[in-house]
Amino acid sequence: MLFRFIHPFHSSKHREATIFLVVVGVWLMLGCQRSDPPEVSVLSEQAFLDPSTENRPMALWTWMNGYVDTVQLVYELQEMKDKGMRGAIVWDIGALINPDGMIPDGPAFLGPESLQYLALALATSDSLGLDLGMSAASSWNSGGEWVRAVDGSKELLRSSYPVEGPATVQITLSNPESPRGRAENCELLTVIAVPKNPKMTFASEEVIVLSEQDRAGAKLSWQAPEGEWELLSFFSCNTMQPLVVPSPNSSGLIIDHLSGPATARHLEELVSRLDRISTAARKMKFIFLDSYEVWQMTDWTDGFLEEFQQRYGYDPTPFLPLLQGYNLTDSLIQARFEGDYRRLVSDLLIENHYAQAVTIGDKHGIQMITEAGHGGHPRVEPLKALGNSHIPMGEFWNRQRHWVTKEAASAAHIYGHTVVASESLTGWNHWQHGPTDFKQLIDIAFCEGLNQVVFHTFSHNPAIAGKPGFVYHAGEHVNVNATWWPYSRPFMDYIARSSYLLRQGNFVADILLYYGDDAPNLVPPKRLDPNYTPDMPGIFPTYFYDKTKCLHCGMPRPITIGDLPGYEYDYINADVITNRLEAEDGKLRLPHGASYRLLVLPDRADMSLEVLKSLEKLIGAGAVVLGPKPERASSLKGYPAVDREVKDLADKIWGSTDGHTVFSTTYGAGTVYWGRSIEEVLKELQIRPDVAVKGADNSDRHIDFVHRQTEAEEIYFISNSSEQQEHLRLVFRVDSDLKPQLWDAASGLVQREVAFTRLAEGIQLDLVLEPIGSRFVVFQKNIAGENSEGLHRDLQFGFSEKGLGDTEVPSIDLSNDWLVRFDRPEEDPLTVKMDSLVSWSDLNEKEARYHSGQATYSQEFRLEASQLQAGVEAFVRFEAIQEMAQVQVNGKDCGIVWLPPYTARITPHLREGTNTLTVRVINTWNNRIVGDLRHPEAESVTRTNARGKFTANSPLLQSGLLGKAEIQFLTQN
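One numbering rule holds for all chains: residues counted from 1, following each sequence as written. In view of the model being predicted, local features appear only for residues whose pLDDT reaches at least 70, and side-chain atom pairs are presented and counted only at 80 or more, with totals across whole chains, interfaces and linings using the full set of residues. Side-chain descriptors were evaluated using all non-hydrogen atoms of the structure, hydrogens and water having been removed beforehand.

What is the right way to look at the overall build of the chain in this model?
Where helices and strands are cited, they refer to DSSP runs of H or I of at least four residues and of E of at least two residues respectively, numbered from the N terminus. What the chain contains, in helices and strands, is 17 helices and 52 strands. When we talk radius of gyration, it's over C-alpha atoms, and the globule rule is simply 2.2 Å times the number of residues to the 0.38. For the chain, whose C-alpha radius of gyration is 32 Å, the value lies close to the compact-globule estimate of 30 Å for 973 residues. Considering only C-alpha atoms, the chain reaches an extent of 110 × 75 × 55 Å along its principal axes. Considering the chain as a whole, with its 973 residues, one finds that 60% of them fall into the buried category. Two residues qualify as a contact provided that any one of their heavy atoms is within 4.5 Å of a heavy atom in the partner residue. For the chain, long-range pairs separated by at least 24 residues make up 79% of all intrachain contacts whose partners lie at least 6 apart in sequence. Total accessible area on the chain stands at roughly 36,900 Å², and carbon and sulfur atoms take up 48% of it. For the purpose of charge, His is not counted, nor are the chain termini; Lys and Arg are scored as positive and Asp and Glu as negative. Here the site of a charge means NZ on Lys, CZ on Arg, CG on Asp, or CD on Glu. Positive and negative side-chain charges of the chain, numbering 88 and 126 respectively, have mean locations separated by a distance of 2 Å. Relative accessible area decides the class of each residue, using a 1.4 Å probe on protein chains only: under 20% of the type maximum gives buried, over 50% gives exposed, and in between gives partly exposed. Here the accessible surface of atoms and residues is derived via Shrake-Rupley with a 1.4 Å probe, and residues count as covered only by protein chains that are part of the display.

Given below as structure tokens:
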């Protein structure tokens, strides 16, 4: 089925060009078909149209102050099911915004009453077929009232005593001071003497570690040599850090995440309490480990010194002053030790907390969702931390720079996880935006690898909350109190359908970026929210245009990649290089099937010997590696002999390559490059872009993509995140004997009749994408079946010039003379006659100007028999809608409209003569909140703890139907 847009001013010349295009397209689609039987596909059109529960979006379900209304709890879960969500993660949390104590105090988290609420949530979720999870603490991190001091977080602290020798020194050691006052529960580790000087600098040979014989409990006796000294007594002390924002009746310590026993006791306590309300068939699906926000400090745990010596082969004791503000005269030795310390902190945190959590989860049949990346106060090497989870989770914010989804995606891709979650749409905008705006950001995150949306947040709102109700201080409020919630099902379905396709097969990329063995480390985002611009005073970072800095945090990028239009990449770590990565047939392969063509090294002189040995094997087996020749090891382990090993092995691999005059060499079956850009190497290897974008200036990457590959399909998601329609010519690097189809996640429909051109370098496809529009382009060798039943407009060209037809049925202008009824739940409706479609905020009537909620537009129009001819499809189309609309014709539902080009098919419900068009439009809560503040003398319509985010001077937002409205016609051939 081909579609053509009927336009009264379409010229014959255009008609001829269109006919030619259609003929060529049909020849390509039909004349070149082979008789081979279709390959077995993993894709199901029915599963795409109505995705199963596990593909649907979830939410962080905030129980503010732990206060729960059981009737509302059940209703909210029913609404999640009705609107197409997967379920929720219960997040018991304190109210950071609570004017006049309007949010009551609930029970202690996981106490008897709290467990009753969780039991009700669990039973209701189970009956509805929803998945339920729970945060690992009241607020975030791990901890609770059951955590004893021995399991609380710990830090390394010191006390300092000036000494002048020669002299016999008698000192009574006392607990050190911490940044929070006198430290508690301290254990003396060692006493060290260093030369005293203003710069706090010393040489390694000048350090004196006092023996146990010099100490008798808290008393020290030491024969000080000549000179001025500082005696430094080092202690392991409890930080006594409490939970960050617990509900008022919940309390307790944050655990020592570096301690295996502390993690085990904490999680087993959680599970044992949940066991009281669970059965084998009905239990929590998830436990959520939120971002790591333990205080910044010198992390410590019991047995740290012994663990360090065992792993690195040298005693860290003489170097402890370096962790407390002192410096070595040899800065390189200092950097190596500090790197070893941070790597051990990371490894202990990963092994004893994240990895052990997975083991405990497996034991109890619970999946761990882990937000272990470089949000919060990270200590870890994030790829390894996220890889040690059931579901790695990142985050992306609305109108903020906090985007770390690419990190979670890379971890999933290199560790073989299918699902990539992200804390989605966090921010401080409070009822400024709706699903149309949210789709723009979600699509960008899809292109970073997201395939499990977790809304931040879905606030639980007891009956006493009013509307818009209780909310956490940050988050875009996707819940039953959102004005647009009744119309949210298409939004949820769009996310679910996209997630379904984005979980198929493996992620496709050409490049692996090794980010070194530092801890902590980071994976920079590809892009940020395009609405986050320098005209946002006070929050826009000075480093934003510095390509050497991470857009999220401002830290130096671990590896600079330059512009790589049309290519995709993953970051990789030492763990995967040494334990999972192999080379075969010129490709780098991972056990689950993912493969890459090029491994890029960071621009630095050091590398671990273990990684270098793995690189030698990979290159020898055929891998291609780009990067500088290492000169030394990154660790003090095995120093100084290890530096010679690194240098000798690097000389062997890199040979005469110097990055200045000689840029490449072969080693075994592989190749090493140095001094070339990534793009230059890809070109030399004749690796074309996976997707080449033509016909649009894409320097800002607003046309983006992600590519998944199954045994039978190449699946591309193509996104236009700009607010302009784009006419694109795309060249896909796929086998030329494949054929494209278009899968539309907004409608769930599939178009198999697509015009395309086979090229030597792949397949060329012209595509029109509406503002913030997207399509899946799916390639198969043999395409079976026809277009989806119910597909009534072209998914390739839509309402664009490409689709112009030769039958002249004039469009009908409906831009004027509307009757609009504003629905006010507590008052009689207000009816306004609108001569043109302008924003409610521009109307003279105060009640309309500040209205938030639904307004119903109505208008009559006439149709002649000639306009109802067979083969003609009719659509009502609006220039803009703020935020969503439901369209009816003659009392018949024509669907919810929320995306450009803001159209609804009305063909089946039209009749000759007079027809009635009804459009129910919903905006956001912003205008009513502002109106209440501007008129304090009137009774307030809204109630929320977040009203302080608004003032009487806050701007009103555009609302309603805007601009032009018309009925347009399409013919089908």
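Can you help me understand the environment of Gly895 in this one?
By secondary structure assignment, the location of Gly895 is in strand β48 (residues 892–897). What Gly895 contacts, discounting residues up to four positions off in sequence, is Ala885, Gln886 and Val887.

Any chance you could explain the packing of helix α10 (residues 435–448) against helix α11 (residues 489–501) here in plain terms?
Two numbers describe a pair of packed helices, the interaxial angle and the distance between the axes. Interaxial angles span 0 to 180 degrees and are taken between N-to-C directions of axes, which are lines fitted to C-alpha atoms, for helices over the stretch in contact. At a closest axis distance of 11 Å, the pairing of α10 and α11 adopts a crossing angle of 10°. Put simply, α10 runs roughly parallel to α11. On α11, the residues touching Pro435, Phe438, Lys439, Ile442, Asp443 and Phe446 of α10 are Phe491, Tyr494, Ile495, Ser498 and Ser499. Charged means Asp, Glu, Lys or Arg here, nonpolar means Ala, Val, Leu, Ile, Met, Phe, Trp, Tyr, Cys or Pro, and polar covers whatever is left, Gly included. Considering only residue class, the contact of α10 with α11 consists of seven nonpolar, two polar and two charged. The cut-offs work like this: below 35 degrees is roughly parallel, past 145 is roughly antiparallel, 65 to 115 is roughly perpendicular, and the gaps in between are oblique.

How should I be thinking about the packing of aromatic side chains in this particular structure?
Geometrically, a pair of aromatic rings is defined through the distance of the ring centres and the angle of the planes. Stacked, tilted and edge-to-face pairs are distinguished by plane angle, under 30 degrees for stacked and over 60 for edge-to-face with tilted covering the rest, among Phe, Tyr and Trp rings (Trp via its six-membered ring) whose centres lie within 6.5 Å. Enumeration over the complete set of coordinates arrives at 36 aromatic pairs. Taking 6.4 Å as the distance between ring centres and 50° as the angle between the ring planes, the aromatic pair formed by Trp91 and Trp140 counts as tilted. Taken together, the positions of Trp91 in strand β3 (residues 87–93) and Trp140 in the loop between β4 (131–135) and β5 (143–144) put the pair 49 residues apart, joining distant regions of the chain. For Trp140, a relative accessible area of 9% puts it in the buried group. Between Tyr494 and Trp898, the aromatic rings sit 6.2 Å apart at their centres with planes inclined by 70°, giving edge-to-face as the arrangement. With Tyr494 in helix α11 and Trp898 in the loop between β48 and β49 (903–905), this pair connects stretches of sequence that are 404 residues apart. Assigned by exposure class, Tyr494 and Trp898 land together as buried. In textbook terms, an aromatic cluster arises when at least three aromatic residues are bridged by ring pairs, as seen for Phe438, Phe455, Trp484, Phe491, Tyr494 and Trp898. The ring of Phe663 carries Arg676 above its face, with NZ or CZ at 4.0 Å from the centroid. Each ring is checked for a lysine NZ or an arginine CZ that lies within 6 Å of its centre and within 35 degrees of its normal; such an atom marks a charge sitting over the ring. The ring centre of Tyr850 lies 5.2 Å from the NZ or CZ of Arg849, which sits over that ring.

Looking at this structure, how should I read the pairing of strand β21 (residues 452–459)?
Every other side chain in a regular strand lies on the same face of the sheet, so the side chains alternate between the two faces. Taken across its eight residues, β21 has eight buried, putting it largely inside the fold. For two strands to count as paired, DSSP must find a minimum of two bridges between them. With four bridges joining them, strand β2 (residues 58–64) and β21 adopt parallel strand pairing. Residue pairing across strands places Met58 opposite Val454, the latter belonging to β21. Pairing of strand β20 (residues 421–426) with β21, which is carried by four bridges, proceeds in the parallel orientation. The partner of Ser422 across the bridge, within β21, is Val453.

Please clarify how the pattern of salt bridges should be interpreted in this entry.
Opposite charge on two side chains makes pairing possible when the charged atoms of those side chains draw close. Counted as salt bridges are all cases of a side-chain nitrogen of Lys or Arg within 4 Å of a carboxyl oxygen of Asp or Glu. Counted according to the given criterion, the structure contains 47 salt bridges. Put simply, Lys647 and Asp651 hold a salt bridge, and the shortest N to O gap is 3.1 Å. With Lys647 and Asp651 both in helix α14 (residues 641–654) and four residues apart, this pair spans about one turn of that helix. Look at Lys647 and you get partly exposed, because its relative accessible area is 34%. With relative accessibility at 29%, the residue Asp651 sits in the partly exposed group. Here Arg824 makes a salt bridge to Glu827, at a shortest N to O gap of 3.7 Å. We classify Glu827 as partly exposed; its relative accessible area is 48%.

I would appreciate a short explanation of unusual backbone geometry in the present structure.
Note: most peptide bonds trans; most residues except glycine with negative phi. Backbone torsion omega between His456 and Thr457 reads 10°, so that peptide bond is classified as cis. Looking at the secondary structure, you find Thr457 in strand β21. Backbone torsion omega between Lys467 and Pro468 reads 5°, so that peptide bond is classified as cis. Notably, Asn890 is not glycine yet its phi reads approximately 55°, a positive angle. Residue placement: Asn890 occurs in the loop between β47 (884–889) and β48. Overall, the relative accessible area of 17% leaves Asn890 in the buried class.

Help me understand the confidence of the model for the chain, please; the structure alone is not making it clear to me.
Confidence in the prediction of the chain, expressed as mean pLDDT, is 93, and 94% of residues score 70 or more. On a range of 0 to 100, pLDDT expresses the predictor's confidence in each residue. Residue range residues 1–38 is modelled with pLDDT below 50. Its contacts to residues more than four positions away, or to other chains, number 80 contacts.

Hey, could you run me through the nonpolar core in this one?
A general feature of soluble globular proteins is that nonpolar side chains tend to end up buried together. Side-chain atoms within 4.5 Å are what join buried Ala, Val, Leu, Ile, Met, Phe, Trp, Tyr and Cys residues into a set we call a nonpolar core. Among the nonpolar cores identified, the biggest contains 187 residues, and Trp61, Leu118, Phe455 and Ile678 are the most heavily contacted of them. No other element matches helix α7 (residues 331–364), which puts eleven residues into this core. With near-sequence residues (within four places) excluded, Phe455 lies in contact with Pro57, Met58, Ala59, Leu60, Met85, Ser424, Leu425, Val478, Phe491, Met492 and Ile495. Judged by nonpolar contacts, the second largest core, of 38 residues, contains Val889, Ile906, Leu961 and Ile967.

Explain the state of the cysteines to me, please; I cannot follow it from the model alone.
Here a disulfide denotes a covalent bond joining the sulfur atom of one cysteine to the sulfur atom of another. For the purposes of this analysis, a disulfide is any pair of cysteine sulfur atoms at a distance within 2.5 Å. If you walk through the whole model with that rule in mind, you get one disulfide. The disulfide bridge from Cys186 ends at Cys237, spanning 2.1 Å between sulfur atoms. Across the S-S bond linking Cys186 and Cys237, the dihedral sits near 115°, which makes this disulfide right-handed. Of this pair, Cys186 sits in strand β9 (residues 184–195) while Cys237 sits in strand β13 (residues 219–238); the two residues are 51 residues apart in sequence, bridging distant segments of the chain. Residue classification places Cys237 among the buried residues on the basis of a relative accessible area of 0%.

Sorry, what's going on with helix α9 (residues 405–415) here?
Think of an α-helix as turning once every 3.6 residues; residues three or four places apart then point the same way. When you tally the buried positions in α9, you get eleven out of eleven residues, the bulk of the element. Residues of α9 that are buried: Thr405, Lys406, Glu407, Ala408, Ala409, Ser410, Ala411, Ala412, His413, Ile414 and Tyr415. Downstream of α9 by a residue or two, Gly416 has a phi angle that is positive, lying close to 80°.

Please explain the packing of helix α3 (residues 70–83) against helix α4 (residues 112–128) as it appears in this structure.
In the contact formed by α3 and α4, the axes pass within 10 Å of each other and the chain directions differ by 30°. Taken together, the axes of α3 and α4 lie roughly parallel to each other. You can see that α3 and α4 cross each other, and the crossing is right-handed. Only Tyr117, Leu120, Ala121, Thr124, Ser125 and Leu128 of α4 make contact with α3, whose side of the interface consists of Thr70, Leu73, Val74, Leu77, Gln78 and Lys81. Class assignment of the residues belonging to the contact of α3 with α4 gives a composition of seven nonpolar, four polar and one charged. Note on convention: near helix rotated counterclockwise from far helix by under a right angle means a left-handed crossing. Clockwise means right-handed.

Even after reading the chapter, I still don't get the sheet that holds strand β31 (residues 664–667), so can you show me in this structure?
In a beta sheet, neighbouring strands pair by backbone hydrogen bonds and run either parallel or antiparallel. Read across the open sheet, the six strands follow the order β25-β24-β29-β30-β32-β31; overall the sheet is mixed. Each having just a single partner strand, β25 (569–572) and β31 make up the two edges of the open sheet. The sheet shows a mean angle of 25° between the axes of neighbouring strands, taken without regard to direction. Judged from the four bridges that link them, strand β24 (residues 511–514) and β25 form a sheet pairing that is parallel. Residue pairing for β25: Leu512 is matched across the bridge by Asp570. The sheet strands contacting α9 are β24 and β25, and the helix crosses β25 at an angle near 80°.

Explanation requested: the sheet that holds β4 in the structure shown.
Taken together, the eight strands give a closed barrel; going around it, the order is β2-β3-β4-β15-β18-β19-β20-β21, and neighbouring strands pair in parallel fashion. Neighbour-to-neighbour, the strand axes of the sheet open up by a mean angle of 30°, direction not taken into account. For strand β15 (residues 286–289) and strand β18 (residues 367–370), the ladder comprises four bridges, and the chain directions are parallel. Note on β18: the bridge partner recorded for Phe286 is Gln367. Against the sheet, α10 contacts β19 (391–397), β20 and β21, and its axis sits at roughly 135° relative to β19.

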